[in-house]
Amino acid sequence: MIEFRDVKKTYPDGTKALSDFSLQINEGELVTLIGPSGCGKTTTMKMINRLIEPTAGTIYISGTDINDYNIHELRWNIGYVLQQIALFPHMTIEENIAVVPEMKKWKRKEIRERSEELLDMVGLDPSTYMHRRPSELSGGEQQRVGVIRALAADPDIILMDEPFSALDPISREQLQYDIKKLHQEIRKTIVFVTHDIDEALALGDKVCLMKEGRVIQVDTPQQLVLNPETKFVKDFIGERKSPWQTAIDVIAGEAESCVITKAAYDEGNYPTQGTFIIKDKDDKFVSALVNGQQVDDFTVFKNDIPLYKAVDELQKSHQQVYPVLKNDRFVGTLTYRDIISYLRRETAAKDGVIQ
Ligand code: ADP
């Protein structure tokens, strides 16, 4: 889909940004470009839509040299999401999304339907958001609009240059999740620049690790972690977290079967054998019920504690299930079974048993 063949870039002041850079990106793939600051990630990305011209070498899109495309058509077919949220402040969200479709002379009705569909896709209710202006949205919401604006005219390729680096960690995590989901739905070719190795490994079908204008290793995240080809790769990736450091809400199960509502409990509608969690209508944890008796000093866990700490507690008490709470709200239950199957999955993946 996108191919860099022996591309070099030397800036007028003599800075060598890329040397003999070759990279193949297949259709529908999400490739993350990662490497130390100044290694040439942004230069590489900006060459795809011809914001920067190579000094030597050729870039092909679908087998055609990018210089052989009409530059406007080339750019319309490439969505671009920037680091700083670059919405037009005086335009509504709908008008912002409509910019490229209008240039492509789409009909009003088509543009409206497309805007609604895209806002829905990223969980922003169109009836609320279409007519707002960017200043009436949070940073995370604005960047979400930035992402769907890049998708609006249905481009084949999307370039993302550190799109989440200006966001707080929670919005960032949410958007990473959105992008992963969106990519699974739309299967566009995405080139994603980041300096965050966790983000690169989490999002990329393939990760391209660069250093001083060259490709050092291009591989799946798993291969990069399991089989780093050089010491540089190994050092860059660092020690991956042990599964014991994982926050327990990642491991906790849904376990609706061991949860009863306060309303049901108040009506006397509850089992008299086994352990159950009582929650109220707002999902707040009320208490536990063990063999029909309410237990008030039941051990509960906060969602963000690491697994090893939870296991220390588990060894002290003898409960069958442990409620996991986020801001007092019930988000799941943790059992030995959840922990064992999680560790089994994690270690099997590391041993190469599960691909
Ligand atoms: P990255 O995105 O990985 O941080 P860049 O592609 O922005 O790296 O930059 C690669 C190298 O090229 C750096 O050494 C940078 O200072 C240099 N560079 C980038 N743009 C220019 C420019 N317009 N003129 C001269 N040097 C530049």
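Remember, predicted model here, so these are calculated numbers, not experimental data.

Asks: Before we move on, could you go through the packing of helix α3 (residues 93-103) against helix α4 (residues 108-121) and cite the residues and values that matter?
Replies: Packing of α3 against α4 leaves a shortest axis separation of 10 Å and a crossing angle of 120°. With respect to α4, the axis of α3 lies oblique. In this structure, α3 crosses over α4, and the sense of that crossing is right-handed. Facing α3, whose interface residues are Ile93, Glu94, Ile97, Ala98, Pro101 and Glu102, α4 presents Arg108, Ile111, Arg112, Ser115, Leu118 and Leu119. Looking at the contact of α3 with α4, its residues break down into seven nonpolar, one polar and four charged.

Asks: Tell me about empty space enclosed by the protein, and please be specific about residues and values.
Replies: In this structure the tally under the stated criterion is two cavities of 30 Å³ or more. Space inside the largest cavity adds up to approximately 50 Å³. As for the largest cavity, its lining consists of 10 residues, of which Leu82, Ala86, Gln143, Gly146 and Arg149 are closest to the centre. For the lining of the largest cavity, the element with the most residues is helix α6 (residues 139-151), which contributes three residues. When grouped by side-chain class, the residues that make up the lining of the largest cavity number six nonpolar, three polar and one charged. Of the pockets and cavities examined, the second largest cavity occupies roughly 30 Å³. Along the walls of the second largest cavity sit Val147, Leu151, Ile158, Met160, Ile179, Leu182, His183, Ile186 and Ile190, which together make up its complete lining. Listed by contribution, the elements that provide at least two residues to the lining of the second largest cavity are α6, β7 (157-161) and α7 (169-186). Looking at the lining of the second largest cavity, the element that brings in the most residues is α7, giving four residues.

Asks: Which residues make up the pattern of salt bridges, and what values go with them?
Replies: Across all of its chains, the model carries 17 salt bridges by this definition. For glutamate 113, the salt bridge goes to lysine 109, with nearest N and O atoms at 3.1 Å. Residue glutamate 113 and its partner lysine 109 are located together in helix α4, separated by four residues, close to a single helical turn. In this structure, aspartate 205 and arginine 187 form a salt bridge, with 3.9 Å as the shortest nitrogen-oxygen distance. Separated by 18 residues along the polypeptide, aspartate 205 in the loop between α8 (197-203) and β9 (206-211) and arginine 187 in the loop between α7 and β8 (189-193) bring together distant segments of the chain.

Asks: Any details on the domain arrangement of the chain? Residues and values, ideally.
Replies: The figure often quoted for interface size is the accessible area lost as the parts come together. Here the chain is described as being made up of domain 1 (2-241) and domain 2 (249-345). Taking only C-alpha atoms into account, the centre of domain 1 sits 41 Å from that of domain 2.

Asks: An account of the site of the ligand is needed here, citing residue identities and associated values.
Replies: Taken together, the residues surrounding the ligand are Tyr11, Asp13, Thr15, Ala17, Pro36, Ser37, Gly38, Cys39, Gly40, Lys41, Thr42 and Thr43. Taking cysteine 39, its main chain carries an N or O atom lying 3.2 Å from an oxygen atom of the ligand. Contact distances for the ligand include 2.9 Å between an oxygen atom and a backbone N or O atom of lysine 41. Relative to its unbound accessible area of 560 Å², the ligand is 61% covered by the protein chains. A class-by-class count of the residues in the shell around the ligand yields four nonpolar, six polar and two charged.

Asks: Hey, could you go over unusual backbone geometry for me, with residue numbers and the actual values?
Replies: The backbone of aspartate 154 sits at a positive phi, close to 55°, despite the residue not being glycine. Relative to the helices and strands, aspartate 154 resides in the loop between α6 and β7. You will see that arginine 187, though not glycine, has its phi angle at about 50°, which is positive.

Asks: Help me get a handle on the sheet that holds strand β15 (residues 301-302), residues and values and all.
Replies: Strands sit in the order β15-β16-β17 across an open sheet of three strands; the sheet is mixed. Edge positions in the open sheet fall to β15 and β17 (329-334), since each of these has one partner strand only. Judged from the two bridges that link them, β15 and strand β16 (residues 322-326) form a sheet pairing that is parallel. Its bridge partner lying in β16, phenylalanine 301 is registered against valine 324.

Asks: Tell me about the environment of isoleucine 48, and please be specific about residues and values.
Replies: Mapped onto the elements of the fold, isoleucine 48 is located in helix α1 (residues 41-48). Residue class for isoleucine 48 comes out buried when judged on its relative accessible area of 0%. The spacing of isoleucine 48 and lysine 231 is 183 residues in sequence and 30 Å in space, taken between C-alpha atoms. Those residues in contact with isoleucine 48 that lie beyond four places of it in its chain are Ile2, Phe4, Ile61, Ile66, Leu74, Ile78, Leu159 and Val191.

Asks: Residues and numbers for the nonpolar core, please.
Replies: Counting residues in each nonpolar core, the largest one holds 28 residues, and the members touching the most others are Ile97, Leu119 and Met160. Listed by contribution, the elements that provide at least two residues to this core are α3, α4, α6, β7, α7 and β8. It is α6 that provides the largest number of residues to this core, a total of five residues. Excluding anything up to four places from it in sequence, methionine 160 contacts Met45, Val81, Val147, Ile179, Ile190, Val191, Phe192 and Val193. Of all hydrophobic cores here, the second largest spans 26 residues; its members include Val7, Phe21, Val31 and Cys39.

Criteria and thresholds
Residues numbered from 1 in each chain as written. Predicted model: local features only at pLDDT ≥ 70, side-chain atom pairs only at ≥ 80, totals over all residues. Heavy atoms only, no water. Axes fitted to C-alpha atoms, helices over the stretch in contact; angles between N-to-C directions. Helix = DSSP H or I, 4+ residues; strand = E, 2+ residues; numbered from the N terminus. Parallel < 35°, antiparallel > 145°, perpendicular 65-115°, else oblique. Left-handed = near helix turned anticlockwise from the far one by under 90°. Contact = heavy atoms within 4.5 Å. Nonpolar A, V, L, I, M, F, W, Y, C, P; charged D, E, K, R; others polar. 1 Å grid on protein atoms, 1.4 Å probe; cavity = no way out; pocket = protein on both sides within 12 Å on 5 of 7 lines; lining within 4 Å. Points joined across faces, edges and corners; volume = space filled by probe spheres on them. Salt bridge = Lys/Arg side-chain N within 4 Å of Asp/Glu carboxyl O. Domains from an automatic or database assignment. Near = heavy atom within 4 Å. Polar contact = N/O pair within 3.5 Å; in protein donor to acceptor, adjacent residues only side chain to side chain. Areas by Shrake-Rupley, 256 points an atom, 1.4 Å probe, with all protein chains shown as cover. Pairing = 2+ DSSP bridges. Buried < 20%, exposed > 50% of the residue type's maximum accessible area, 1.4 Å probe, protein only. Core = buried A, V, L, I, M, F, W, Y, C linked by side-chain atoms within 4.5 Å.

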